[in-house]
Amino acid sequence: MENLSFMMVAFSPINFLLAVLGVAAGIFIEALPGLSATMAVAVLVPVTFGMPPEAALIMLGAIYTGAIYGGSYAAILVNTPGTPAAIATTFDGYPMAQRGDGDLAVTLSTMSSMVGGLVGALALLTLAPLLAQVALKFGSVEYFWLAIFGLTLISALSEGSALKGFIGAGLGLLLSTVGVSVIGADIRYAFGSQFLLGGVEVISALIGLYCIPVLIDLVATPSAHLEPPEEGRGIRFGEGLSLMWRGKFNALRSAIIGTAVAILPGAGGSIASLVSYSEARRTSPRSDQFGKGEPDGVIATETANNATVGGGFIPTFVLGIPGTPPDAVILGALLVQGFRTGPEMFTTNVGVTYTFIGGLFIATLLMLPIGLLIGRYAFKSIVSIPKALLVPSIAFMTIIGTYAIRNNPFDVVVMVVLGVVGWVLSRYGVKPSPIVLGLILGPIAEQGFVQGYLMGNASGSVMGAFFGRPLSLAIIALVLLSVLFPLWRAWRTRSPKETANGH
Amino acid sequence: MRQTRFKTWKLGALMGGLLSAAAIAGPAMAADAGSFPDHNIQYIIPFGPGGESDISARLQQKYFQDITGQQLIIQYMAGGGGAVGWSQLNEMDGDGYTIMGTNLPHIILKPMGKDPGFKTEDLKNFFYFHYSPDALIVKKDSPYKTLDDLIAAAKKAPGSVTVSGSGTQSANDIANRRFESMADVKTTYIPFKGTGAAVTALLGGQVQAEWGYTTTAANHKDKVRMLAVAADERHPLFPDVPTFKELGYDMTGGAYRGMAVPKGTPEDVTENLSSLFQQINQNPEFRQKMENLGFVLINVPYGDVDEFMAEQKQAYEEVARSMGIIE
Amino acid sequence: MATDHETSTLDARPSDRVLAVVMIVIATGAIVFSRDMSIMASVFPRTIATLLLVFSAALLIKSFVVHPRRARPEPGSVGRRLGLIAVMLVWSFALKWLGFLAASLISAAALAVLAHYHAWTPRRVGGYAIALAAIIGAFYTLFAVVLNVPLPVGLLWRQL
């Protein structure tokens, strides 16, 4: 009950106002391709110095919540995921927008994000210390297998040939090794250029690989970017609600997957939404519609990626180990305010913690009205703005957004070049998603592998290190499942036909 | 005091949502601190947000504003373990309104191997303000109660004791090499990306020990134990933890943090900056906050930087030679 | 044999072969350039490059065994596509020299011309110019002033 009263602090008028402002600013910022949640949070840190810690945390949490949700706009309307967690949103969100259902997709993403956010925050409230212990069980070897699992998922998910999916992933993995290596401190594939030392930045690669091809095809024809919606249809709230009800198990499952996977620092967010998406597709009666504008695809990824907000705070608060880059900034702000994370966040500092969680709940609930309002304008303006203005505006945002990530003009060059390469490759059947996933998961796989090898060597059994722990065996089983399941299904659908023809 | 704090807070609260408070709150505060600085200063951290370089800069940020009335605006320019930022520093405007964090031993070790795009001597450091002393850390329930326990175990089975740390040829890696040669043992050093990942490996029981800093131990106080600290004196936060020196190993060192300006910055402006940051270093509240996080404050003003760097360079060159980074 | 028009797909054999060969070159290059790396740092890129080599070789062989089809690429003007690519490349390189604002205004204007399919009336030119300048100005201000991003001023102007 005492905790409840701490949570009520979050409802004080000033804190409530902060949450409203935070959510709106977060949505706005992340809706533009390239502006990241990390940056939004980082800019606000000095502002929060003057505030009481509770207010500061509520504000930062609200921005973060809004930003993760806002990322879905760019994914749906311009096919450009603002964060790795929104990659799978493009699979169905963009096709929906293209055929004139962009308003419905935005409404669905708003509702799903709210559901996911609530589940994540609930987990943070009730299960944090327990789940944090699970996160610690994940060692280098488990991260290695997890990265492999992610790669098998993406190759299975990518449209067209699995072989080309693997080729794309391989290219992304090679790109991830460019720059100064963490292990060995070698300078790899920089070809003497100081600019390549920092490697290929993931978000700029995302922007380039997804957004530049859209721009290239936009200028090629006079036809409209998106199909305009029918007149006077509004936000299609009722339709969205009934689709949500139909996909309730999907949403719940995705929220749980999102929370659970997000507790793994570093890897969680990007893998969580992919796992949810592929699960949704696997279990859906309409699985052949996925990738062509299936509402359940949007529901799955958007619930999952907003559940990662609460899930990611679990290791941040309990262990002092940030789950995602924005978590790292918030953790830094906490330390500067004089708070130490760890179990005391749930014992001696409980007031701040519960007020913060209360703030997260409020921010998540506020997302629905604010999101629907902003989403409607975003959709309308993208649909109605003439091409001659739309193209330069999007192009400008990709450039300024990419630059701002590391304040590095060379990242912009890399972004454009990757975008052009990605456009050419996709004409040859290699889609951007496997490349990006390779880029994200490459370092996790590499470091996990070498660390696992070194540890195995020290303990005398390398094989034991990679195949000896129950948790890694469980992930290996998942890897095998994700590779073999599509083969099995292909075999099952083909075999009756063959029997009929052949025998 | 209480009231002004509340006032600023309300002001910040109102504008925060518009993301504009950062720009407006600065000038709204007392801005009569002489001629320099008369506008905000860009403080570039060549790493990502949330690390120790960021946190210590964030602490300076508050007191810089108290002293000058201007903001210290923190930017991140991550990549290549700092190399991306340092290699571009001298191309920036040398008017004193752009400064960049520099870290030891990074800026000495990196140019020793392959060319990272900058040379140690090219960086015009003007102040070194603190360091995080190296520390050998184990889990609270570890069988190694003292440094001797760990050394005995490593002697018994060379290479079987695993130690995590952040990066290769980094402060942690070097500390481990120095320790190995002084104690005449062999361990297995396992590099991780960043201190956070290295300490997670320790907490998860994947490795038996970790090379970290007093700050790491301060942050995870309830779960870890330090075996020894590579500082001259015991850290006030950990009065029970011996220094390596006390145990007979002549080891002091850690990650030093300072700031540099682009090469073209005028001498008087550089002097000015140096004394501003020295003032921050003397603020008792700042000192207390830094100490609570496990940092150790040092004062190396502009006039002493050359000597300090020469000393450090010599020390690290010796280690680098023994590690085979340079011949 | 179905013609390309009937199926609205294209023969993918030539394109698959080109892709496979390019990837084989990249993979081989990655292996060659990993020679001067330390063992710890080269293990991963070499493994990946080898896998890429295997997959690409498989694709090459497959293109001789089966007859893969690919979707017909979206129709449209090749000139405008290449124009957009050229503008974006010049834009990204010009930031450092021309400065963010100048490079962006010029490139955005070029893109507006590329993306426009109707006649240009003086009214439209004026309207679009004002709208574009307003959009760019607003976001430039957002980044440079509010978010404090140090956008490049341009080395060219500094030398003048």
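Here, residues in each chain are numbered from 1, in the same order as that chain's written sequence. Going through the entries in the order they are written, you letter the chains from A and number the ligands from 1. Reporting in this predicted model follows two pLDDT cut-offs: at least 70 for local features of residues, and 80 or more for side-chain atom pairs to be given and counted; totals over whole chains, interfaces and linings ignore these cut-offs and use all residues.

**Some remarks on the overall build of chain C**
Phase 1: Note on conventions: DSSP H or I runs of at least 4 residues are helices, E runs of at least 2 residues are strands, and numbering of each starts at the N terminus. For chain C, the helix and strand inventory stands at seven helices and two strands.
Phase 2: Along chain C, helices (α) and strands (β) appear in the sequence α-β-α-α-β-α-α-α-α when read from the amino end.
Phase 3: Seen along its three principal axes, the alpha-carbon backbone of chain C occupies a region of about 60 × 55 × 30 Å.
Phase 4: Remark: C-beta atoms are placed from the backbone, and a residue is labelled buried if 20 or more other C-beta atoms sit within 10 Å of its own, exposed if 12 or fewer do, or partly exposed between those counts. Within chain C, the proportion of its 160 residues that are buried is 29%.

**Examining the interface of chain A and chain B**
Phase 1: Contacts here follow a simple rule: the backbone-placed C-beta atoms of the two residues must lie within 7 Å. Opposite the 59 residues of chain A that make contact, chain B presents 57 residues.
Phase 2: Secondary-structure elements contributing two or more residues to the side of chain A that touches chain B are helix 2 (13-31), helix 3 (37-48), helix 4 (53-78), helix 6 (128-137), strand 1 (179-180), helix 14 (325-336) and helix 18 (432-459) of chain A.
Phase 3: Amino acids are sorted into nonpolar (Ala, Val, Leu, Ile, Met, Phe, Trp, Tyr, Cys and Pro), charged (Asp, Glu, Lys and Arg) and polar (every other residue, Gly among them). Looking at the side of chain A that touches chain B residue by residue, the class counts come to 37 nonpolar, 19 polar and three charged.

**A short note on unusual backbone geometry**
Phase 1: Of note, the bond from Leu-104 of chain B into Pro-105 of chain B is cis; its omega dihedral lies within 30 degrees of zero at 0 degrees.
Phase 2: With respect to the secondary-structure elements, Pro-105 of chain B resides in the loop between strand 3 (98-104) and helix 5 (106-109).
Phase 3: In this structure, Tyr-189 of chain A takes a positive phi of about 45 degrees despite not being glycine.
Phase 4: Here Tyr-189 of chain A is to be found in the loop between strand 2 (187-188) and helix 9 (202-220).
Phase 5: On the neighbour-count criterion, Tyr-189 of chain A (19 C-beta atoms within 10 Å) is partly exposed.
Phase 6: Positive phi outside glycine occurs at Asp-184 of chain B, with the angle close to 55 degrees.

**A look at the interface of chain A and chain C**
Phase 1: Counting residues at the interface gives 51 residues for chain A and 57 residues for chain C.
Phase 2: For the side of chain A that touches chain C, the elements supplying multiple residues, two or more each, are helix 3, helix 8 (162-176), helix 9, helix 16 (387-406), helix 17 (409-427) and helix 18 of chain A.
Phase 3: When residues in the side of chain A that touches chain C are grouped by element, the largest group, 13 residues, is from helix 16 of chain A.
Phase 4: Considering only residue class, the side of chain A that touches chain C consists of 37 nonpolar, eight polar and six charged.

**Quick look at the confidence of the model for chain B**
For residues with low pLDDT, the predicted coordinates do not support detailed interpretation.
Phase 1: Each residue carries a pLDDT score, the predictor's confidence in it, ranging from 0 to 100. In this model, chain B carries an average pLDDT of 85, and 89% of its residues clear a pLDDT of 70 or more.
Phase 2: The low-confidence segment residues 1-33 of chain B (pLDDT under 50) makes 51 contacts with residues lying over four places distant or belonging to another chain.

**Some points on the environment of Val-43 of chain C**
Phase 1: Along the chain, Val-43 of chain C falls in helix 3 (residues 39-65).
Phase 2: For Val-43 of chain C, a count of 18 C-beta atoms within 10 Å translates into the label partly exposed.

**Topic: the UniProt feature "transmembrane region" (unreviewed entry) in chain C**
All names here are of chain C.
Phase 1: UniProt positions are given in the numbering used here, feature names are shortened, and annotations may be inferred rather than shown by experiment. According to UniProt, the "transmembrane region" (unreviewed entry) feature falls on residues 18-35, 47-66, 78-94, 100-120 and 127-151.
Phase 2: Taken end to end, residues 18-35 is 89% helix and 0% strand, and its first and last C-alpha atoms sit 27 Å apart.
Phase 3: The annotated region residues 100-120 carries 76% helix and 0% strand content, and the separation between its end C-alpha atoms amounts to 27 Å.

**Things to note about the pairing of strand 6 (residues 188-192) of chain B**
In the case of a regular strand, side chains alternate between the two sheet surfaces.
Residues and elements named next belong to chain B.
Phase 1: Across the five residues that make up strand 6, a large majority, five, are buried.
Phase 2: Going residue by residue along strand 6, you find Thr-188, Ile-190 and Phe-192 tucked away on one face and Tyr-189 and Pro-191 tucked away on the opposite face as well.
Phase 3: Paired strands, as defined in this entry, are two strands with at least two bridges between them according to DSSP. Examined bridge by bridge, strand 5 (residues 162-166) and strand 6 share five bridges and lie parallel to one another. Counterpart to Ser-164 in the pairing with strand 6 is Ile-190.
Phase 4: Note on handedness: a clockwise path from strand one over the helix to strand two, with the strands aimed away from the viewer, defines a right-handed crossover. For the handedness criterion, the β-α-β arrangement of strand 5, helix 7 (residues 171-183) and strand 6 is classed as right-handed.

**A few points about the environment of Gln-70 of chain B**
Residue and element names in this part refer to chain B.
Phase 1: Looking at the element boundaries, Gln-70 is found in the loop between helix 3 (52-68) and strand 2 (72-76).
Phase 2: Gln-70 sits in the buried class, given 21 other C-beta atoms within 10 Å.
Phase 3: On a C-alpha basis, the gap between Gln-70 and Gln-278 in space is 16 Å, while along the polypeptide they are 208 residues apart.

**Thoughts on the domain arrangement of chain B**
Residues and elements named next belong to chain B.
Phase 1: Domain start and stop positions are those given by an automatic or database domain assignment. Domain annotation of chain B identifies domain 1 (2-131 + 254-323) and domain 2 (132-229).
Phase 2: Each partner contributes to the interface: domain 1 provides 15 residues, whereas domain 2 provides 15 residues.
Phase 3: Those elements that provide at least two residues to the side of domain 1 that touches domain 2 are strand 9 (254-261) and helix 12 (302-323).
Phase 4: If one sorts the elements of the side of domain 1 that touches domain 2 by residue count, helix 12 sits on top with three residues.

**Considering the nonpolar core**
Phase 1: The term nonpolar core refers to a group of buried residues, namely Ala, Val, Leu, Ile, Met, Phe, Trp, Tyr and Cys, whose C-beta atoms join them within 7 Å. Grouped together as the largest cluster of nonpolar side chains are 324 residues, with contacts concentrated most on Ala-40, Val-41, Leu-60, Ile-63, Leu-215 and Val-391 of chain A.
Phase 2: Sequence-distant contacts of Val-41 of chain A, defined by excluding residues within four places in its chain, comprise Leu-60, Ile-63, Tyr-64, Pro-326, Val-329 and Ile-330 of chain A.

**Some remarks on helix 18 of chain A**
Residues and elements named next belong to chain A.
Phase 1: The end-to-end C-alpha distance of helix 18, which contains 28 residues, comes to 40 Å, matching closely the 40 Å that a straight helix rising 1.5 Å per residue would cover.
Phase 2: Among the 28 residues of helix 18, 24 are classified as buried, and the element is accordingly described as predominantly covered.
Phase 3: Within two residues after helix 18, Gly-460 carries a phi angle of roughly 95 degrees, on the positive side. By this rule the span expected of a helix is its residue count minus one, scaled by 1.5 Å.

**Topic: the UniProt feature "domain: DUF1468" (unreviewed entry) in chain C**
Phase 1: The UniProt record annotates "domain: DUF1468" (unreviewed entry) at residues 19-152 of chain C.
Phase 2: Counting secondary structure, residues 19-152 of chain C comes out at 78% helix and 2% strand; the distance between its end C-alpha atoms is 38 Å.

**Some details on the environment of Val-21 of chain C**
All names here are of chain C.
Phase 1: Mapped onto the secondary structure, Val-21 falls in helix 2 (residues 13-33).
Phase 2: For Val-21, a count of 13 C-beta atoms within 10 Å corresponds to the partly exposed category.
Phase 3: Considered as a pair, Val-21 and Leu-59 are 38 residues apart in the sequence and their alpha carbons are 9.4 Å apart.

**Thoughts on the domain arrangement of chain C**
Phase 1: Here the domain parsing of chain C yields domain 1 (4-71) and domain 2 (78-159).
Phase 2: Taking only C-alpha atoms into account, the centre of domain 1 of chain C sits 37 Å from that of domain 2 of chain C.

**Details of helix 7 of chain B**
Residues and elements named next belong to chain B.
Phase 1: Spanning 13 residues, helix 7 covers 18 Å between terminal C-alpha atoms, matching the ideal 18 Å at 1.5 Å per step.
Phase 2: Among the residues making up helix 7, those that are buried are Ala-171, Asn-172, Asp-173, Ile-174, Ala-175, Asn-176, Arg-178, Phe-179 and Ala-183.
Phase 3: Two residues or fewer past helix 7, Asp-184 is found with a positive phi of approximately 55 degrees.

**Observations regarding the packing of helix 16 of chain A against helix 6 (residues 122-146) of chain C**
Phase 1: Here the axes come from fitting lines to C-alpha atoms, over the contacting stretch only for helices, and the angles between their N-to-C directions go from 0 to 180 degrees. As a packed pair, helix 16 of chain A and helix 6 of chain C sit with axes 11 Å apart at the nearest point and diverge in direction by 15 degrees. When the axes of helix 16 of chain A and helix 6 of chain C are compared, the pair comes out roughly parallel. Helix 6 of chain C is crossed by helix 16 of chain A, and the crossing has right-handed handedness. Residues Ala-388, Leu-389, Pro-392, Ser-393, Phe-396, Met-397, Ile-400 and Ala-404 of chain A of helix 16 of chain A touch helix 6 of chain C, and the partners they reach there are Tyr-128, Ala-131, Leu-132, Ile-135, Ile-136, Phe-139 and Phe-143 of chain C. Oblique is the label for every angle not falling under 35 degrees (roughly parallel), over 145 degrees (roughly antiparallel), or within 65 to 115 degrees (roughly perpendicular). It is the rotation of the near helix from the far one that decides the hand of a crossing: anticlockwise by less than a right angle makes it left-handed, clockwise makes it right-handed.

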